[in-house]
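Below, each chain spelled out in residue letters.
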Amino acid sequence: MGRLGRLSLSARRRPRLRPVIRRPRLLSLRTTFAVSFAAVTAAVTLLVGVLSYSAAARLVRVDQESVFDQVVRDLRDEVRTARMSPDDFSSSAPGHDIVRPARTDVQVLGPDGRVVDPGSPGLPVTGADRRIAAAGTSGRLVEHDDVDVADDVYRVATVSLGGGRGAVQVAQEFSDTEDLLRALQQRTLILMVAVVVAAGLFGWWLARRITRRLVILTSAAEDVARTRRLGIQVPVTGYDEVGRLGRAFDRMLGRLAQSEEDQRRLVQDAGHELRTPLTSLRTNISLLRRIDELPPATREELVADLTQEARELTDLVNELVDLAAGQSDTEPPQRVDLADLAEEVAGLARRRTGREILVRASGDTTTDGRPGMLTRAISNLVENAAKFDSDGTAPIELDIAGPARPGPSSSVGSGSVRVEVLDRGPGISDRDLIRVFDRFYRAADARSLPGSGLGLSIVREVALAHGGAPFAVRREGGGAVIGFTVGGG
């Protein structure tokens, strides 16, 4: 295949570029609100305008027709009750016998249908009108609708005088009424347009006023997404839904910023604490390369050090995992009895340490909480007491104290529950009392003991998560009292 053929084949195989379809840009909330407000106002104005005009036009037309019909009825009654001639209805004769309302024209016909007293303007006379004029019965009627007279529209009624004496034509002008209604229609349309325009402008102003705080919230959210800075202040005021949204957004950013700071400090502290056992492990592992050159006693000591360091590293990692999980725990809260949890922890601690654990419970020890977290906190307290009082013979005391048991009229779950562990160890100095719950903090006389310094920190996190607080005091007679409280359900 030649080069041209290969080019043609490649051109046929080349995929066609699809045209880029640009999606229409969505309207802003402010524009949508203003347009919607104007549309609703236009619909309501149109409906009210049409109904109002229709009612007014119908009322005017009915009124005009009723006036004309009343004039015709009066005329027919008059010619039926009295023998009357065309001269009795002449406009030049004094005291003529017909009332002429506004926009009403009267014309008198003779016996042969000729006009003997023309109206102003003159009305057309048809064959039907001439027959009515020659009729022998008085009060006979013929009507004509939409009669054009001198560029105006009239409604004409011809009433016979009877006895072949002639007839009287009564006409009412309707063109002025229609002109009035058309003017009313134009003014209604102008007013409707003005109302719609005013509603659109007012809607735009109102939407701008309402969405101003939403725009601030949107700008704040966009700033957070762009800069990833959570410590910004959201300047939102008011007590309506937008104000509540702004304050909730501000609190959410504060919580996220605090969580980010806690994670950062946890990573930094964990890195600092992990560095020491990892360095020791690396040093001892490097000695393993020359283990054949070491005396047997040194070998045993090296293996023991590696075992101890691996255990401490495992404990540290486990506590770090527990601490991180406690900050974002998804365990659902439920009604738990802290006395039952304390008995479980005490049984496990007895088997691990061989120490006597004395559990005392008083009052209502139930509360709403997460059983896993509370069990971990109580276990840390007991393990901390056993570690610092490892050579003691007195039992470790675990006290759970709650409010008085609720009676028939008491509210269930009121008050708080207090958990405390009492030991007869070396106690806690005054300078360490306020820091024993800090992460990785270890007193100077406890740095030779195993542990990571995270146990009591986890206790603090659990207590705060359950609406309580940790505490630590020196025990009379020696030892320490360490515990926490949880809020009532």
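Residues numbered from 1 in each chain as written. Predicted model: local features only at pLDDT ≥ 70, side-chain atom pairs only at ≥ 80, totals over all residues. Heavy atoms only, no water.

Along the chain, the regular secondary structure elements total 10 helices and 12 strands. With 489 residues in all, the chain has 35% of them scored as buried. Residue pairs at least 24 apart in sequence account for 64% of intrachain contacts in the chain once pairs closer than 6 positions are excluded. Of the accessible surface of the chain, which amounts to about 29700 Å², a share of 55% is contributed by carbon and sulfur atoms. (Helix = DSSP H or I, 4+ residues; strand = E, 2+ residues; numbered from the N terminus. Buried < 20%, exposed > 50% of the residue type's maximum accessible area, 1.4 Å probe, protein only. Contact = heavy atoms within 4.5 Å. Areas by Shrake-Rupley, 256 points an atom, 1.4 Å probe, with all protein chains shown as cover.)

A grouping of Val-40, Val-44 and Val-48 is seen on the molecular surface, where their side chains present a nonpolar patch of about 260 Å² in accessible area. By the element assignment, Val-48 lies in helix H2 (residues 29-81). (Patch = residues over 30% accessible without salt bridge, like charges linked within 9 Å, V, L, I, M, F, W, Y side chains within 5 Å. Salt bridge = Lys/Arg side-chain N within 4 Å of Asp/Glu carboxyl O.)

So, on to helix H8 (residues 371-388). Its 18 residues place the ends of H8 26 Å apart at the C-alpha level, agreeing with the 26 Å of an ideal helix rising 1.5 Å per residue. Among the residues of H8, Pro-371, Met-373, Leu-374, Ala-377, Ile-378, Ser-379, Asn-380, Leu-381, Val-382, Asn-384, Ala-385 and Ala-386 are the ones counted as buried. (Expected span 1.5 Å × (residues − 1).)

So, about the pairing of strand E5 (residues 167-173). Of all seven residues in E5, seven are buried, a share of seventy percent or more. Here E5 shows no split at all, with Ala-167, Gln-169, Ala-171 and Glu-173 on one side and Val-168, Val-170 and Gln-172 on the other all buried. Sheet topology places strand E1 (residues 104-109) next to E5; six bridges connect them, and they run antiparallel. Each bridged residue has a counterpart across the sheet, and for Thr-104 the counterpart in E5 is Gln-172. Note that strand E4 (residues 152-160) and E5 share seven bridges and pair antiparallel. From the neighbouring strand, Tyr-154 faces E5, where its bridge partner is Glu-173. Connecting the antiparallel pair E4 and E5 is a turn made up of six residues, with Gly-162 showing a positive phi of about 90 degrees. (Pairing = 2+ DSSP bridges.)

Quick look at helix H7 (residues 338-353) now. The terminal C-alpha atoms of H7 lie 22 Å apart, and with 16 residues this matches the ideal 22 Å at 1.5 Å per residue to within 8%. Taken as a whole, H7 has its buried residues at Leu-338, Ala-339, Leu-341, Ala-342, Val-345, Ala-346, Gly-347 and Ala-349. Measuring from the backbone nitrogen of Ala-339 back to the side-chain oxygen at the start of H7 gives 3.0 Å, which picks out Asp-337 as the cap. Gly-354 sits one or two positions beyond H7 and adopts a positive phi of about 75 degrees. (Polar contact = N/O pair within 3.5 Å; in protein donor to acceptor, adjacent residues only side chain to side chain.)

Our focus in this paragraph is the sheet that holds strand E12 (residues 480-486). A sheet is described by the order of its strands in space; here five strands give the open sequence E7-E9-E10-E12-E11, paired in mixed fashion. Strands at the two margins of the open sheet, each flanked by one partner only, are strand E7 (357-362) and strand E11 (470-474). Neighbour-to-neighbour, the strand axes of the sheet open up by a mean angle of 15 degrees, direction not taken into account. Strand direction decides the pairing type here: strand E10 (residues 417-423) and E12, joined by seven bridges, are antiparallel. Counterpart to Arg-418 in the pairing with E12 is Thr-485. Taken strand by strand, H8 contacts E7, strand E9 (396-401), E10 and E12, and its axis lies near 175 degrees from that of E12. Together, E11 and E12 form the strand contacts of helix H10 (residues 455-465), whose direction differs from that of E12 by roughly 30 degrees. (Axes fitted to C-alpha atoms, helices over the stretch in contact; angles between N-to-C directions.)

What follows deals with the pattern of salt bridges. Under the counting rule described, the total for this entry stands at 11 salt bridges. Among the ionic pairs, Asp-223 bridges to Arg-226, the shortest N-O distance being 2.5 Å. Placement of both Asp-223 and Arg-226 in helix H4 (residues 175-227) is noted, with a separation of three residues, approximately one turn of the helix. Judged by relative accessible area, which is 29%, Asp-223 ranks as partly exposed. Ionic pairing is found between Glu-397 and Arg-475, a salt bridge with its closest N-O pair at 3.0 Å. With a gap of 78 residues between them, Glu-397 in strand E9 and Arg-475 in the loop between E11 and E12 connect regions that are remote in the sequence.

Judged by nonpolar contacts, the single largest core of 36 residues is most densely connected at Leu-338, Leu-374, Leu-381, Leu-398, Val-419, Ile-482 and Phe-484. For this core, the secondary-structure elements that each account for two or more residues are H7, E7, H8, E9, E10, H10 and E12. When residues in this core are grouped by element, the largest group, eight residues, is from H8. Once residues lying within four places of it in the same chain are set aside, the contact partners of Leu-381 are Val-419, Val-421, Leu-456, Val-459, Ile-482, Gly-483 and Phe-484. Core analysis: the second largest hydrophobic core is formed by 14 residues, Val-72, Phe-89, Val-106 and Val-170 among them. (Core = buried A, V, L, I, M, F, W, Y, C linked by side-chain atoms within 4.5 Å.)

Our focus in this paragraph is the packing of H8 against H10. Contact geometry for H8 and H10: axes closest at 9 Å, N-to-C directions at 145 degrees. Handedness of the H8/H10 crossing: left-handed. Contacts between H8 and H10 involve Met-373, Leu-374, Arg-376, Ala-377, Asn-380, Leu-381 and Asn-384 from the former and Gly-455, Leu-456, Ile-458, Val-459, Val-462 and Ala-465 from the latter. Here the residues of the contact of H8 with H10 are counted per class, giving nine nonpolar, three polar and one charged. (Left-handed = near helix turned anticlockwise from the far one by under 90°. Nonpolar A, V, L, I, M, F, W, Y, C, P; charged D, E, K, R; others polar.)

Along the chain, Ala-199 falls in helix H4. Under the relative-accessibility criterion, Ala-199 is labelled buried at 7%. Residues Ala-199 and Ala-42, 157 residues apart in the sequence, show an inter-C-alpha distance of 8.2 Å.

Okay, the packing of H7 against H8 next. Taken N-terminus to C-terminus, the directions of H7 and H8 make an angle of 45 degrees; their axes are 9 Å apart at the nearest point. By the angle between their axes, H7 is oblique relative to H8. For the pair H7 and H8, the crossing hand works out as right-handed. Across the interface between the two elements, Leu-338, Leu-341, Ala-342, Val-345, Ala-349, Arg-352 and Thr-353 from H7 touch Pro-371, Leu-374, Thr-375, Ile-378, Ser-379, Val-382, Glu-383 and Ala-386 from H8. When its residues are assigned to classes, the contact of H7 with H8 shows 10 nonpolar, three polar and two charged. (Parallel < 35°, antiparallel > 145°, perpendicular 65-115°, else oblique.)

Here we take up the sheet that holds strand E2 (residues 115-117). Reading across from one edge, E2-E1-E5-E4-E3 is the order of the five strands in this open sheet, with antiparallel pairing throughout. At either end of the open sheet lies a strand with only one pairing partner, and these are E2 and strand E3 (141-149). Within this sheet the neighbouring strands show an average axis-to-axis angle of 30 degrees, counted without direction.

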